[in-house]
Amino acid sequence: MKLATYNVNGINGRLPVLLRWLAEARPDVVALQELKAPDEKFPAAAIREAGYEAIWHGQKSWNGVALLSRVGAPVETRRGLPGDPDPSQSRYIEAAVAGVLVGALYLPNGNPRPGPKFDHKLAWFDTLIAHGATLIESGLPAALIGDFNVMPTERDVYKPERWTKDALFAPEVRERYAALLAQGWTDAMRARHPDAMIYTFWDYFRNAYERDAGLRIDHLLLSPALAGRLRGAGVNREVRGWDKSSDHAPTWIELADG
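Keep in mind that what you see is a predicted model, and the values were worked out from it rather than measured. (Residues numbered from 1 in each chain as written. Predicted model: local features only at pLDDT ≥ 70, side-chain atom pairs only at ≥ 80, totals over all residues. Heavy atoms only, no water.)

Structural notes on the overall build of the chain
Regarding its fold elements, the chain presents seven helices and 14 strands. In summary, the chain has a C-alpha radius of gyration of 17 Å against a globular reference of 18 Å for 258 residues, a match within 12%. Dimensions along the principal axes, computed over C-alpha positions, put the chain at roughly 45 × 45 × 35 Å. Within the chain, the proportion of its 258 residues that are buried is 58%. Put simply, 70% of the contacts in the chain that link residues at least 6 apart link residues at least 24 apart. Surface accessibility of the chain: about 10600 Å² in total, with carbon and sulfur atoms responsible for 52%. (Helix = DSSP H or I, 4+ residues; strand = E, 2+ residues; numbered from the N terminus. Rg over C-alpha atoms; globule rule 2.2 N^0.38 Å. Buried < 20%, exposed > 50% of the residue type's maximum accessible area, 1.4 Å probe, protein only. Contact = heavy atoms within 4.5 Å. Areas by Shrake-Rupley, 256 points an atom, 1.4 Å probe, with all protein chains shown as cover.)

What about the sheet that holds strand 3 (residues 53–57)?
The strand order across the open sheet formed by six strands is 3-4-2-1-14-13, and the pairing between neighbours is mixed. Looking along the sheet, the strands with just one partner apiece sit at the ends: strand 3 and strand 13 (230–235). The sheet shows a mean angle of 15° between the axes of neighbouring strands, taken without regard to direction. Here five bridges tie strand 1 (residues 2–7) to strand 2 (residues 29–33), and the two strands are oriented parallel to one another. (Pairing = 2+ DSSP bridges. Axes fitted to C-alpha atoms, helices over the stretch in contact; angles between N-to-C directions.)

Observations concerning the sheet that holds strand 6 (residues 92–97)
Read across the sheet, six strands follow the order 5-6-7-8-12-9 without closing on themselves; strand pairing throughout is mixed. Every other strand in the sheet has two partners, leaving strand 5 (75–79) and strand 9 (186–187) as the edge strands with one partner each. Sheet topology places strand 6 next to strand 7 (residues 100–106); six bridges connect them, and they run antiparallel. Bridging across to strand 7, Val 97 finds its partner in Val 100. Against the sheet, helix 3 (residues 116–138) engages strand 5, strand 6, strand 7 and strand 8 (142–147), with an angle of about 20° to strand 6.

Some words on the environment of Arg 240
In this structure, Arg 240 sits in the loop between strand 13 and strand 14 (251–255). The spacing of Arg 240 and Pro 250 is 10 residues in sequence and 8.4 Å in space, taken between C-alpha atoms. The contact partners of Arg 240, leaving out residues within four places of it in the chain, are Trp 202, Asp 203, Tyr 204, Tyr 209, Ser 245, Ser 246, Asp 247, His 248 and Ala 249.

Describing the confidence of the model for the chain
On average, residues of the chain carry a pLDDT of 98, and 100% of them reach 70 or more. By mean pLDDT, the top-scoring element of the chain is strand 12 (residues 218–222) (99), and the lowest-scoring one is helix 6 (residues 208–211) (97). (pLDDT = per-residue confidence, 0-100.)

What about the pattern of salt bridges?
Throughout the structure, instances matching the rule amount to 11 salt bridges. For Glu 76, the salt bridge identified is with Arg 79, shortest N-O distance 2.8 Å. Measuring nitrogen to oxygen at the nearest pair gives 2.9 Å for the salt bridge that ties Arg 216 to Asp 187. Taken as a pair, Arg 216 in the loop between strand 11 (214–215) and strand 12 and Asp 187 in strand 9 lie far apart in primary sequence, 29 residues in all. Exposure class is identical for Arg 216 and Asp 187. Each is buried. (Salt bridge = Lys/Arg side-chain N within 4 Å of Asp/Glu carboxyl O.)

What follows is the structure, given as structure tokens:
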């Protein structure tokens, strides 16, 4: 099974890019972030025509997450994190699909730091950690995938020294990511490519993509019951170079059949 995550940065404005990638890459299950559309504006018909069934949790102008599947309809198990510090923001959706429990998430950016946005990021991360613990305790094959808005290590950012004051690289945020892994989650990309400089995001400014000045902030975490099935991982970085593309690139893993 090919499992992918993609921050589309506006699903309707970038729908041609999304549909082209789906047709070319043929992922089985996809988590999308930053839909930037209310529920009624989700392009369900176009997604269905592309061969995917979907569930979504939209929000006008901001946020929004979705799960797409071409290997059976996603059976929604949760919409929003339990205890979400701001449930008005659409940042989490979870479903059982093809024998895997998939949590699709969009963690807050948190800038500027310090400030209320950074405080909210930490609170949301703490809520995710609490929910992650329940998923691990369940023993189910589970995955937490999406835009985590965190560079876990210096290998995940092109010039670490330039990011020391940014919320995406703050010690408190990196510590929380490490706490999540300590529960038993496997960072699939690092498991397959432990030492490589791999990026999933390139800013629109200063020719970041052309200079390969990127960040790795889109992650796929696997529970112990699923990690043993990991067979491959990569980034469709060429998609970032397509016309009118998102500033993120689709990130994917391959899982052996369960």
